[in-house]
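Commentary on secondary and tertiary structure
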Amino acid sequence: MALFRRDAKPMYGVAEPEVKAAVGYGYQQQGNQGASQIGPPYFAYAEDGARARCMSVPTISRARDLIASVIGCLPLEMYTLKWNGEEMEEIPLAPRSWLQRLDPDNTNNFTLSWLFDDLFFMGVAYLHIKSRTADGYPASFQRLPANLVTTLDQQGAISYGPSKQLMFLGLPLDYKDVVQFISPIQALTTVAPRAIDTALKLEQAANRNAVAVQPSGVLRQTGGQPLSSEELAQMAQAFNVARMSNSVAAISEHLTYNETSATPDKMLLSEARNFQALEMSRLANIPGFLCNLSIGGYNYSNSKDAREQLWLFACKAYATCLSEGLSGDNVLPRGTYVRLNPKAYLAADYMGDYASEMPEEVAPPMTPQTTPAPMPEMPDPTDSNGVPLAND
(Lines give C-alpha, C1' and ligand atoms only; values in the text may rest on other atoms or scores of the structure.)
Protein backbone atom coordinates (compact mmCIF):
# COMPACT_ATOMS: atom_id res chain seq x y z
CA MET A 1 0.00 0.00 0.00
CA ALA A 2 2.97 2.29 0.46
CA LEU A 3 3.46 2.33 -3.31
CA PHE A 4 0.27 4.37 -3.75
CA ARG A 5 0.93 6.89 -0.97
CA ARG A 6 2.36 10.26 -1.72
CA ASP A 7 3.91 12.27 1.04
CA ALA A 8 3.32 16.01 0.98
CA LYS A 9 6.41 17.82 -0.11
CA PRO A 10 7.57 20.54 2.22
CA MET A 11 7.17 24.11 0.99
CA TYR A 12 10.01 26.40 1.97
CA GLY A 13 9.26 30.11 2.54
CA VAL A 14 5.60 29.78 1.55
CA ALA A 15 2.79 29.88 4.15
CA GLU A 16 -0.21 27.63 3.71
CA PRO A 17 -3.18 29.72 2.59
CA GLU A 18 -5.97 30.27 5.14
CA VAL A 19 -9.53 29.76 3.98
CA LYS A 20 -11.84 32.65 4.98
CA ALA A 21 -15.42 33.57 4.22
CA ALA A 22 -16.09 36.27 1.66
CA VAL A 23 -16.31 39.75 3.11
CA GLY A 24 -19.92 40.81 3.59
CA TYR A 25 -21.39 37.30 3.40
CA GLY A 26 -19.95 35.55 6.44
CA TYR A 27 -20.73 36.22 10.08
CA GLN A 28 -18.08 36.40 12.72
CA GLN A 29 -19.22 36.13 16.31
CA GLN A 30 -17.88 39.16 18.16
CA GLY A 31 -18.93 38.20 21.65
CA ASN A 32 -21.91 38.29 23.95
CA GLN A 33 -21.24 41.43 25.93
CA GLY A 34 -24.77 42.68 25.31
CA ALA A 35 -26.16 40.05 27.69
CA SER A 36 -24.61 41.97 30.58
CA GLN A 37 -26.86 44.96 29.76
CA ILE A 38 -30.10 43.01 30.17
CA GLY A 39 -31.96 44.18 33.27
CA PRO A 40 -32.66 44.31 36.06
CA PRO A 41 -31.73 47.06 36.75
CA TYR A 42 -33.42 48.90 33.91
CA PHE A 43 -31.68 52.27 34.09
CA ALA A 44 -30.60 52.13 30.44
CA TYR A 45 -34.05 51.16 29.12
CA ALA A 46 -36.11 53.87 27.40
CA GLU A 47 -39.37 54.08 25.46
CA ASP A 48 -39.20 54.58 21.72
CA GLY A 49 -40.17 58.10 20.67
CA ALA A 50 -42.19 57.00 17.62
CA ARG A 51 -44.21 54.61 19.77
CA ALA A 52 -44.97 57.38 22.27
CA ARG A 53 -46.30 59.58 19.44
CA CYS A 54 -48.56 56.79 18.21
CA MET A 55 -49.92 56.03 21.67
CA SER A 56 -50.94 59.68 22.09
CA VAL A 57 -53.57 59.09 19.38
CA PRO A 58 -56.69 57.78 21.18
CA THR A 59 -57.76 55.39 18.40
CA ILE A 60 -54.34 53.73 18.19
CA SER A 61 -54.19 53.42 21.96
CA ARG A 62 -57.64 51.81 21.98
CA ALA A 63 -56.70 49.39 19.18
CA ARG A 64 -53.44 48.41 20.88
CA ASP A 65 -55.16 47.77 24.22
CA LEU A 66 -57.94 45.69 22.65
CA ILE A 67 -55.52 43.39 20.84
CA ALA A 68 -53.17 43.15 23.84
CA SER A 69 -56.10 42.21 26.10
CA VAL A 70 -56.75 39.21 23.85
CA ILE A 71 -53.15 38.09 23.19
CA GLY A 72 -52.15 38.41 26.85
CA CYS A 73 -55.04 36.24 28.07
CA LEU A 74 -54.63 33.28 25.69
CA PRO A 75 -53.18 30.12 27.25
CA LEU A 76 -50.14 28.38 25.77
CA GLU A 77 -50.63 24.71 24.81
CA MET A 78 -48.15 22.10 23.55
CA TYR A 79 -49.07 19.40 21.05
CA THR A 80 -47.76 17.21 18.26
CA LEU A 81 -49.21 15.98 14.97
CA LYS A 82 -49.86 12.37 13.97
CA TRP A 83 -51.34 10.87 10.83
CA ASN A 84 -54.39 8.76 11.70
CA GLY A 85 -54.95 7.41 8.19
CA GLU A 86 -57.22 10.21 7.00
CA GLU A 87 -55.81 13.48 8.34
CA MET A 88 -53.26 14.99 10.70
CA GLU A 89 -54.48 14.65 14.27
CA GLU A 90 -53.39 16.95 17.09
CA ILE A 91 -52.22 15.08 20.18
CA PRO A 92 -51.78 17.13 23.37
CA LEU A 93 -48.42 16.86 25.14
CA ALA A 94 -47.32 17.51 28.68
CA PRO A 95 -46.27 21.16 28.80
CA ARG A 96 -42.77 22.34 29.57
CA SER A 97 -42.38 24.45 32.67
CA TRP A 98 -42.02 27.74 30.78
CA LEU A 99 -45.45 27.46 29.21
CA GLN A 100 -46.95 28.74 32.45
CA ARG A 101 -44.30 31.46 32.84
CA LEU A 102 -42.04 32.43 29.97
CA ASP A 103 -40.25 34.84 32.28
CA PRO A 104 -39.95 33.66 35.92
CA ASP A 105 -40.07 37.30 37.05
CA ASN A 106 -43.21 38.26 35.09
CA THR A 107 -46.58 36.77 34.25
CA ASN A 108 -47.39 35.47 30.80
CA ASN A 109 -50.07 38.15 30.57
CA PHE A 110 -47.38 40.82 30.83
CA THR A 111 -44.79 39.10 28.64
CA LEU A 112 -47.14 38.15 25.80
CA SER A 113 -48.84 41.56 25.79
CA TRP A 114 -45.53 43.40 25.42
CA LEU A 115 -44.23 40.96 22.84
CA PHE A 116 -47.31 41.87 20.81
CA ASP A 117 -46.61 45.56 21.52
CA ASP A 118 -43.17 45.22 19.94
CA LEU A 119 -44.64 43.42 16.92
CA PHE A 120 -47.35 46.06 16.58
CA PHE A 121 -45.15 49.14 16.74
CA MET A 122 -41.65 47.89 15.80
CA GLY A 123 -42.42 44.93 13.53
CA VAL A 124 -40.13 42.57 15.48
CA ALA A 125 -39.96 41.14 19.00
CA TYR A 126 -37.20 39.38 20.94
CA LEU A 127 -36.99 36.87 23.77
CA HIS A 128 -33.60 36.29 25.38
CA ILE A 129 -32.95 32.74 26.62
CA LYS A 130 -32.03 33.10 30.29
CA SER A 131 -31.44 29.42 31.09
CA ARG A 132 -31.50 26.02 29.42
CA THR A 133 -32.46 22.49 30.46
CA ALA A 134 -30.16 19.47 30.36
CA ASP A 135 -31.19 18.71 26.76
CA GLY A 136 -30.04 22.16 25.61
CA TYR A 137 -33.48 23.65 25.02
CA PRO A 138 -34.64 26.88 26.73
CA ALA A 139 -35.96 26.74 30.27
CA SER A 140 -36.76 30.43 30.78
CA PHE A 141 -36.89 33.65 28.76
CA GLN A 142 -36.80 37.40 29.17
CA ARG A 143 -38.22 39.97 26.79
CA LEU A 144 -35.84 42.41 25.15
CA PRO A 145 -37.40 45.77 24.17
CA ALA A 146 -37.29 45.84 20.38
CA ASN A 147 -36.30 49.51 20.22
CA LEU A 148 -33.06 48.71 22.10
CA VAL A 149 -32.01 45.92 19.69
CA THR A 150 -30.08 46.77 16.53
CA THR A 151 -29.56 44.45 13.55
CA LEU A 152 -26.29 45.09 11.73
CA ASP A 153 -27.03 42.80 8.79
CA GLN A 154 -30.44 44.36 7.99
CA GLN A 155 -31.28 47.99 7.41
CA GLY A 156 -34.62 49.67 6.85
CA ALA A 157 -38.15 49.26 8.17
CA ILE A 158 -38.74 45.74 6.81
CA SER A 159 -37.11 42.58 8.17
CA TYR A 160 -36.16 39.90 5.66
CA GLY A 161 -35.43 37.11 8.13
CA PRO A 162 -33.87 36.42 11.53
CA SER A 163 -30.77 38.50 12.10
CA LYS A 164 -27.40 36.94 12.91
CA GLN A 165 -25.74 40.21 13.96
CA LEU A 166 -27.59 41.55 16.98
CA MET A 167 -26.59 44.46 19.15
CA PHE A 168 -28.28 45.26 22.46
CA LEU A 169 -27.65 48.74 23.83
CA GLY A 170 -24.65 49.03 21.53
CA LEU A 171 -22.97 45.75 22.51
CA PRO A 172 -22.95 42.45 20.56
CA LEU A 173 -25.45 39.79 21.53
CA ASP A 174 -25.27 36.12 20.56
CA TYR A 175 -28.15 35.46 18.17
CA LYS A 176 -28.27 31.81 19.25
CA ASP A 177 -29.56 32.93 22.66
CA VAL A 178 -32.36 35.04 21.19
CA VAL A 179 -35.76 33.95 19.87
CA GLN A 180 -36.75 36.36 17.11
CA PHE A 181 -40.35 37.06 16.11
CA ILE A 182 -40.92 38.85 12.78
CA SER A 183 -44.35 40.37 12.31
CA PRO A 184 -46.26 39.58 9.11
CA ILE A 185 -47.56 43.17 9.24
CA GLN A 186 -45.29 46.18 8.78
CA ALA A 187 -44.57 48.21 11.90
CA LEU A 188 -47.20 50.84 12.66
CA THR A 189 -44.56 53.51 13.29
CA THR A 190 -43.20 53.18 9.74
CA VAL A 191 -46.19 52.35 7.56
CA ALA A 192 -48.06 55.70 7.61
CA PRO A 193 -46.20 58.47 9.47
CA ARG A 194 -48.08 61.28 7.69
CA ALA A 195 -51.50 59.92 8.68
CA ILE A 196 -50.37 59.73 12.31
CA ASP A 197 -48.93 63.25 12.09
CA THR A 198 -52.26 64.53 10.73
CA ALA A 199 -54.15 62.96 13.64
CA LEU A 200 -51.75 64.56 16.12
CA LYS A 201 -52.11 68.00 14.51
CA LEU A 202 -55.90 67.74 14.64
CA GLU A 203 -55.67 66.90 18.35
CA GLN A 204 -53.42 69.92 18.90
CA ALA A 205 -55.81 72.20 16.98
CA ALA A 206 -58.79 70.97 19.00
CA ASN A 207 -56.81 71.54 22.19
CA ARG A 208 -56.07 75.13 21.20
CA ASN A 209 -59.72 75.78 20.35
CA ALA A 210 -60.83 74.27 23.65
CA VAL A 211 -58.94 76.89 25.68
CA ALA A 212 -59.68 79.82 23.33
CA VAL A 213 -62.70 81.94 24.37
CA GLN A 214 -64.92 82.67 21.37
CA PRO A 215 -67.33 85.64 21.55
CA SER A 216 -71.00 84.82 21.24
CA GLY A 217 -71.58 87.84 19.00
CA VAL A 218 -70.03 90.96 17.47
CA LEU A 219 -71.20 94.57 17.84
CA ARG A 220 -70.51 96.48 14.65
CA GLN A 221 -70.80 100.24 14.15
CA THR A 222 -72.53 101.04 10.86
CA GLY A 223 -72.72 104.83 11.07
CA GLY A 224 -72.06 107.94 13.07
CA GLN A 225 -68.76 109.25 14.29
CA PRO A 226 -66.03 106.55 14.49
CA LEU A 227 -65.38 105.39 18.05
CA SER A 228 -61.97 104.86 19.59
CA SER A 229 -60.78 101.48 20.80
CA GLU A 230 -61.48 102.44 24.42
CA GLU A 231 -65.00 103.57 23.60
CA LEU A 232 -65.66 100.38 21.67
CA ALA A 233 -64.40 98.29 24.62
CA GLN A 234 -66.63 100.21 27.07
CA MET A 235 -69.64 99.83 24.77
CA ALA A 236 -69.06 96.07 24.41
CA GLN A 237 -68.64 95.66 28.18
CA ALA A 238 -71.83 97.61 28.89
CA PHE A 239 -73.72 95.55 26.30
CA ASN A 240 -72.47 92.29 27.83
CA VAL A 241 -73.51 93.38 31.35
CA ALA A 242 -76.96 94.35 30.11
CA ARG A 243 -77.29 91.06 28.23
CA MET A 244 -76.52 89.07 31.37
CA SER A 245 -79.24 90.83 33.38
CA ASN A 246 -81.93 91.45 30.76
CA SER A 247 -83.63 89.24 28.23
CA VAL A 248 -84.40 92.07 25.80
CA ALA A 249 -81.62 94.18 24.27
CA ALA A 250 -81.88 97.62 22.64
CA ILE A 251 -79.12 99.10 20.50
CA SER A 252 -78.64 102.29 18.53
CA GLU A 253 -79.50 102.63 14.86
CA HIS A 254 -75.78 102.97 14.17
CA LEU A 255 -74.99 99.52 15.69
CA THR A 256 -75.71 95.97 14.59
CA TYR A 257 -75.27 92.75 16.56
CA ASN A 258 -74.23 89.61 14.66
CA GLU A 259 -74.08 86.20 16.32
CA THR A 260 -70.97 84.16 15.63
CA SER A 261 -71.35 80.87 13.79
CA ALA A 262 -68.78 79.07 15.96
CA THR A 263 -70.33 75.96 17.53
CA PRO A 264 -68.67 73.39 19.81
CA ASP A 265 -68.52 70.73 17.08
CA LYS A 266 -66.83 73.16 14.67
CA MET A 267 -64.42 74.49 17.27
CA LEU A 268 -63.35 70.98 18.30
CA LEU A 269 -63.13 69.82 14.65
CA SER A 270 -65.41 66.89 15.40
CA GLU A 271 -66.03 65.83 11.80
CA ALA A 272 -62.38 65.98 10.75
CA ARG A 273 -61.21 64.18 13.88
CA ASN A 274 -63.82 61.43 13.42
CA PHE A 275 -62.65 60.88 9.83
CA GLN A 276 -59.02 60.71 10.95
CA ALA A 277 -59.98 58.31 13.74
CA LEU A 278 -61.44 56.00 11.07
CA GLU A 279 -58.13 56.26 9.22
CA MET A 280 -56.30 55.20 12.38
CA SER A 281 -58.60 52.21 12.84
CA ARG A 282 -57.84 51.15 9.26
CA LEU A 283 -54.15 51.62 9.95
CA ALA A 284 -54.39 49.37 13.02
CA ASN A 285 -56.46 46.76 11.09
CA ILE A 286 -59.26 46.87 13.64
CA PRO A 287 -63.01 47.34 12.93
CA GLY A 288 -64.05 50.93 13.56
CA PHE A 289 -67.03 50.11 15.75
CA LEU A 290 -64.69 48.45 18.27
CA CYS A 291 -63.07 51.88 18.73
CA ASN A 292 -66.50 53.42 19.43
CA LEU A 293 -66.52 55.19 16.06
CA SER A 294 -69.77 55.98 14.29
CA ILE A 295 -70.00 54.10 11.01
CA GLY A 296 -73.13 54.48 8.93
CA GLY A 297 -74.83 51.30 7.79
CA TYR A 298 -72.54 48.98 9.78
CA ASN A 299 -73.62 47.03 12.80
CA TYR A 300 -73.00 43.72 14.49
CA SER A 301 -75.45 41.33 16.03
CA ASN A 302 -73.95 40.50 19.42
CA SER A 303 -70.78 40.44 21.47
CA LYS A 304 -69.79 37.03 20.07
CA ASP A 305 -69.73 38.47 16.56
CA ALA A 306 -67.60 41.39 17.79
CA ARG A 307 -65.10 39.01 19.41
CA GLU A 308 -64.83 36.97 16.23
CA GLN A 309 -64.15 40.06 14.12
CA LEU A 310 -61.53 41.30 16.57
CA TRP A 311 -59.80 37.92 16.47
CA LEU A 312 -60.02 37.49 12.70
CA PHE A 313 -58.99 40.98 11.57
CA ALA A 314 -56.58 42.05 14.31
CA CYS A 315 -55.39 39.31 16.69
CA LYS A 316 -54.95 36.13 14.67
CA ALA A 317 -51.89 37.24 12.68
CA TYR A 318 -49.97 38.24 15.83
CA ALA A 319 -51.02 35.13 17.77
CA THR A 320 -49.85 32.91 14.91
CA CYS A 321 -46.53 34.77 14.74
CA LEU A 322 -45.88 34.20 18.46
CA SER A 323 -47.01 30.56 18.29
CA GLU A 324 -44.76 29.69 15.37
CA GLY A 325 -41.83 31.57 16.88
CA LEU A 326 -42.12 29.54 20.09
CA SER A 327 -42.39 26.33 18.03
CA GLY A 328 -39.04 26.80 16.28
CA ASP A 329 -36.25 24.22 16.37
CA ASN A 330 -34.21 26.52 18.61
CA VAL A 331 -36.95 26.36 21.26
CA LEU A 332 -38.55 22.89 21.05
CA PRO A 333 -37.60 19.49 19.58
CA ARG A 334 -38.64 19.00 15.99
CA GLY A 335 -42.24 17.83 15.71
CA THR A 336 -43.35 19.59 18.91
CA TYR A 337 -45.48 22.70 18.64
CA VAL A 338 -46.83 25.47 20.86
CA ARG A 339 -49.84 27.65 20.18
CA LEU A 340 -51.94 30.35 21.76
CA ASN A 341 -55.33 28.70 21.98
CA PRO A 342 -58.27 31.08 21.33
CA LYS A 343 -60.97 28.48 21.99
CA ALA A 344 -62.03 29.91 25.35
CA TYR A 345 -61.99 33.47 24.00
CA LEU A 346 -64.23 32.61 21.06
CA ALA A 347 -66.71 30.65 23.21
CA ALA A 348 -70.33 31.75 23.14
CA ASP A 349 -70.34 32.80 26.80
CA TYR A 350 -66.74 33.96 27.39
CA MET A 351 -66.28 34.12 31.18
CA GLY A 352 -62.70 32.85 31.58
CA ASP A 353 -62.02 30.95 34.80
CA TYR A 354 -64.88 32.69 36.59
CA ALA A 355 -67.63 30.75 34.83
CA SER A 356 -67.46 27.88 37.34
CA GLU A 357 -67.57 30.31 40.26
CA MET A 358 -70.77 32.04 39.18
CA PRO A 359 -73.78 30.60 41.03
CA GLU A 360 -76.45 29.22 38.77
CA GLU A 361 -79.99 30.39 39.17
CA VAL A 362 -82.06 27.70 40.83
CA ALA A 363 -85.68 27.58 39.87
CA PRO A 364 -88.19 27.35 42.74
CA PRO A 365 -89.30 23.77 43.47
CA MET A 366 -92.39 22.62 41.70
CA THR A 367 -95.13 21.63 44.10
CA PRO A 368 -97.83 19.20 42.95
CA GLN A 369 -101.13 20.87 42.38
CA THR A 370 -103.90 19.23 44.45
CA THR A 371 -107.51 19.25 43.43
CA PRO A 372 -109.59 21.12 46.00
CA ALA A 373 -112.19 19.09 47.87
CA PRO A 374 -115.76 19.55 46.61
CA MET A 375 -118.01 21.83 48.68
CA PRO A 376 -120.81 20.02 50.54
CA GLU A 377 -124.29 20.55 49.10
CA MET A 378 -126.50 22.83 51.19
CA PRO A 379 -130.17 21.84 51.62
CA ASP A 380 -132.78 24.17 50.19
CA PRO A 381 -134.25 26.51 52.82
CA THR A 382 -137.75 25.63 54.10
CA ASP A 383 -140.30 27.31 56.36
CA SER A 384 -141.47 26.07 59.75
CA ASN A 385 -143.92 23.71 58.06
CA GLY A 386 -141.27 22.13 55.81
CA VAL A 387 -142.42 23.91 52.66
CA PRO A 388 -139.47 25.03 50.42
CA LEU A 389 -139.10 28.77 50.17
CA ALA A 390 -139.30 30.28 46.69
CA ASN A 391 -136.18 32.04 45.36
CA ASP A 392 -136.72 35.71 44.52
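Preceding this paragraph is the structure being described.
Residues numbered from 1 in each chain as written. Predicted model: local features only at pLDDT ≥ 70, side-chain atom pairs only at ≥ 80, totals over all residues. Heavy atoms only, no water.

Topic: the packing of helix H3 (residues 108-122) against helix H9 (residues 303-326)
- In the contact formed by H3 and H9, the axes pass within 11 Å of each other and the chain directions differ by 110°. Put simply, H3 runs roughly perpendicular to H9. The handedness of the crossing between H3 and H9 is right-handed. On the side of H3, the interface is formed by Leu112, Leu115, Phe116, Leu119 and Phe120, while H9 contributes Tyr318, Cys321 and Leu322.
- When the residues that make up the contact of H3 with H9 are grouped by side-chain class, the tally is 8 nonpolar, no polar and no charged. (Axes fitted to C-alpha atoms, helices over the stretch in contact; angles between N-to-C directions. Helix = DSSP H or I, 4+ residues; strand = E, 2+ residues; numbered from the N terminus. Parallel < 35°, antiparallel > 145°, perpendicular 65-115°, else oblique. Left-handed = near helix turned anticlockwise from the far one by under 90°. Contact = heavy atoms within 4.5 Å. Nonpolar A, V, L, I, M, F, W, Y, C, P; charged D, E, K, R; others polar.)

Quick notes on the sheet that holds strand S7 (residues 171-173)
- Within the open sheet, the 3 strands sit side by side as S5-S6-S7. Their pairing is antiparallel. Each end of this open sheet is capped by a strand with a single partner; those strands are strand S5 (149-151) and S7. This sheet shows a mean twist of 40° between the axes of neighbouring strands, independent of strand direction.
- In this sheet, strand S6 (residues 166-168) lies alongside S5 in antiparallel orientation, the contact comprising 3 bridges. Paired with Thr150 across the strands is Met167, a residue of S6. (Pairing = 2+ DSSP bridges.)

Focus: H3
- Taking 1.5 Å of rise per residue, the 15 residues of H3 would be expected to cover 21 Å, and the 20 Å separating its terminal C-alpha atoms lies within 8% of that figure.
- Restricting attention to buried positions, one finds in H3 the residues Asn108, Thr111, Leu112, Ser113, Leu115, Phe116, Asp117, Asp118, Leu119, Phe120 and Phe121.
- Trailing H3 by a residue or two, Gly123 shows a phi angle of about 85°, which is positive. (Expected span 1.5 Å × (residues − 1). Buried < 20%, exposed > 50% of the residue type's maximum accessible area, 1.4 Å probe, protein only.)

Section: helix H5 (residues 193-211)
- Between its terminal C-alpha atoms H5 stretches 28 Å, which fits the 27 Å expected from 19 residues at 1.5 Å a residue.
- Among the structural elements, helix H1 (49-55), helix H2 (58-71), helix H4 (188-191) and helix H8 (270-283) are those in contact with the buried residues of H5.

Thoughts on the pattern of salt bridges
- Across all of its chains, the model carries 17 salt bridges by this definition.
- Salt-bridge contacts for Asp117 lead to Arg51; the nearest nitrogen and oxygen are separated by 2.9 Å. Residue Asp117 is located in helix H3, and its partner Arg51 is located in helix H1; the two are separated by 66 residues in the primary sequence.
- The residue Arg273 makes a salt bridge to Glu203 at a minimum N-O spacing of 3.4 Å. With Arg273 in helix H8 and Glu203 in helix H5, the pair connects residues that are 70 residues apart, well separated along the chain.
- Given the relative accessible area of 29%, Glu203 is considered partly exposed.
- Via salt bridges that share partners, Glu47, Arg51, Arg64, Asp65 and Asp117 belong to a single interconnected network. (Salt bridge = Lys/Arg side-chain N within 4 Å of Asp/Glu carboxyl O.)

Overview of the sheet that holds strand S8 (residues 178-182)
- Taken together, 3 strands build an open sheet; the order of strands is S4-S3-S8 and the sheet is antiparallel. The open sheet has two free edges, formed respectively by strand S4 (138-144) and S8, since each of these has just one partner strand. Averaged over all pairs of adjacent strands, the angle between their axes in this sheet comes to 30°, without regard to strand direction.
- With 5 bridges joining them, strand S3 (residues 124-132) and S8 adopt antiparallel strand pairing. Following the sheet pairing, Ala125 is matched in S8 by Phe181.
- Together, S3, S4 and S8 form the strand contacts of H3, whose direction differs from that of S3 by roughly 145°.
- The strands touched by H9 are S3 and S8; relative to S8, the strand with the most contacts, the crossing angle is about 150°.

Examining the environment of Ala317
- Within the secondary structure layout, Ala317 lies in helix H9.
- Spatially, the C-alpha atoms of Ala317 and Ile185 are 8.1 Å apart, while their sequence positions differ by 132 residues.
- Setting aside anything within four residues of it in sequence, one finds Ala317 in contact with Pro184 and Ile185.

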